[in-house]
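Here are the chains, one letter per residue:
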Amino acid sequence: MSIEYLAGNHRSLPGSPQPYFLAAGEGEHAKLFADTFTVLLSGDETDGQFGMFTNRCAVGDIIPTHSHADTHETFYIVEGLVRLFVELPDGEKTNRLLGQGDFGFVPAGAAHAYRVEKPSLILGAATGGFERFFQQMGMPVASAANDGEPYVPPYPRMQAAAEAHNMRFIPDARW
């Protein structure tokens, strides 16, 4: 499901593997809770191999623990502070405070969550197609500015987005 489907003519990516450029602030933007996600590259442009996005986020509560059965996810902190929580293959739970220039990787299947400790800009890359999760669950917006009221999606929309992207929420996880 593309942003074009969700929001009419807001599509700014080419939709197929071809060279293109985006100026600062361009991309496909969606508000989800207090964050603004911008898709820079989707699985459509990489034949499903990977997608890239940014997340401009405010300080807030922990993002609920979840896992992606078939999606690898990265966290590169462009600015700010983000605490990444992850369950290791042996079941041990760990966390790391990531600051500007720090990087975290969460492989497919690993339970994880994060909490924004200081307003942040995160650059993420994930298995192709997952970048559309933020658009499917969120609300299209015109810019990457993280202003305006938070968008809290109705529960059925959250469920549908999680199901479409093979994602599982783990509400009883404790970090």
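Residues numbered from 1 in each chain as written. Predicted model: local features only at pLDDT ≥ 70, side-chain atom pairs only at ≥ 80, totals over all residues. Heavy atoms only, no water.

Turning to the overall build of the protein chain, a few remarks are in order. The number of helices and strands found in the protein chain is three helices and 10 strands. Along its sequence from the N terminus, the protein chain presents helices and strands in the succession α-β-β-β-β-β-β-β-β-α-β-α-β. Whereas a compact globule of 175 residues would reach a radius of gyration of roughly 16 Å, the protein chain reaches 15 Å, a difference of no more than 12%. Principal-axis analysis of the C-alpha atoms gives the protein chain an extent of 45 × 35 × 30 Å. Per-residue burial for the protein chain yields a buried fraction of 41% across its 175 residues. Relative to all contacts within the protein chain whose residues are 6 or more apart in sequence, the contacts with residues 24 or more apart total 73%. Of note, the protein chain has its 12 positive side-chain charges centred 6 Å away from the centre of its 21 negative side-chain charges. (Helix = DSSP H or I, 4+ residues; strand = E, 2+ residues; numbered from the N terminus. Rg over C-alpha atoms; globule rule 2.2 N^0.38 Å. Buried < 20%, exposed > 50% of the residue type's maximum accessible area, 1.4 Å probe, protein only. Contact = heavy atoms within 4.5 Å. Lys, Arg positive; Asp, Glu negative; His and termini not counted. Charge placed at Lys NZ, Arg CZ, Asp CG, Glu CD.)

What follows deals with the pattern of salt bridges. Taken as a whole and assessed by the stated rule, the structure comprises five salt bridges. With a shortest N-O distance of 2.5 Å, glutamate 28 and arginine 132 are connected by a salt bridge. Here glutamate 28 is found in strand 1 (residues 28-32), whereas its partner arginine 132 is found in helix 2 (residues 132-137), with 104 residues between them in sequence. For arginine 132, a relative accessible area of 5% gives the class buried. Close ionic contact of arginine 83 with glutamate 117 constitutes a salt bridge, the shortest N to O distance being 3.7 Å. Pair noted here: arginine 83 is in strand 5 (residues 73-87) and glutamate 117 is in strand 8 (residues 112-127), with a separation of 34 residues, a long-range link. Assessed through its relative accessible area of 21%, arginine 83 is described here as partly exposed. The class for glutamate 117 is partly exposed, based on a relative accessible area of 32%. (Salt bridge = Lys/Arg side-chain N within 4 Å of Asp/Glu carboxyl O.)

Further remarks concern the confidence of the model for the protein chain. Confidence along the protein chain averages 92 in pLDDT terms, with 94% of residues attaining 70 or more. Predicted confidence is poor over residues 1-9, with pLDDT under 50, and the contacts of this stretch with residues over four places away or in other chains come to 16 contacts. (pLDDT = per-residue confidence, 0-100.)

By the element assignment, glutamate 26 lies in the loop between helix 1 (3-7) and strand 1. When its relative accessible area of 40% is taken as the criterion, glutamate 26 is described as partly exposed. Apart from residues lying up to four places away in sequence, glutamate 26 is in contact with Phe21, Thr38 and Leu40. In terms of polar contacts, glutamate 26 uses its side chain to reach the backbone amide nitrogen of alanine 23, at 2.6 Å. (Polar contact = N/O pair within 3.5 Å; in protein donor to acceptor, adjacent residues only side chain to side chain.)

Let's shift gears to the nonpolar core. Core analysis: the largest hydrophobic core is formed by 24 residues, its most contacted members being Phe75, Tyr114, Ile122, Phe133 and Phe134. Those elements giving two or more residues to this core turn out to be strand 3 (50-57), strand 5, strand 8, helix 2 and helix 3 (155-164). Among the elements that line this core, the one with the most residues is strand 5, at five residues. (Core = buried A, V, L, I, M, F, W, Y, C linked by side-chain atoms within 4.5 Å.)

Let us look at the packing of aromatic side chains. Inspection of the entire model under this criterion finds seven aromatic pairs. Consider the rings of phenylalanine 37 and phenylalanine 134, whose centres lie 4.0 Å apart with planes at 5°: the pair is stacked. With a gap of 97 residues between them, phenylalanine 37 in strand 2 (residues 35-41) and phenylalanine 134 in helix 2 connect regions that are remote in the sequence. Here phenylalanine 37 matches phenylalanine 134 in class, with each residue buried. With a centroid separation of 4.9 Å and an interplanar angle of 55°, the aromatic rings of phenylalanine 53 and phenylalanine 134 are classed as tilted. Highlighted residues: phenylalanine 53 in strand 3 and phenylalanine 134 in helix 2, separated in sequence by 81 residues. Exposure class is identical for phenylalanine 53 and phenylalanine 134. Each is buried. Through a chain of ring-to-ring contacts, the aromatic side chains of Phe37, Phe53, Phe130, Phe133 and Phe134 assemble into a single cluster. For lysine 93, the ring lying beneath its charged end belongs to tryptophan 175, and the centroid distance is 5.3 Å. (Phe/Tyr/Trp six-rings, centres within 6.5 Å; stacked < 30°, edge-to-face > 60°. Lys NZ or Arg CZ within 6 Å of the ring centre and 35° of its normal.)

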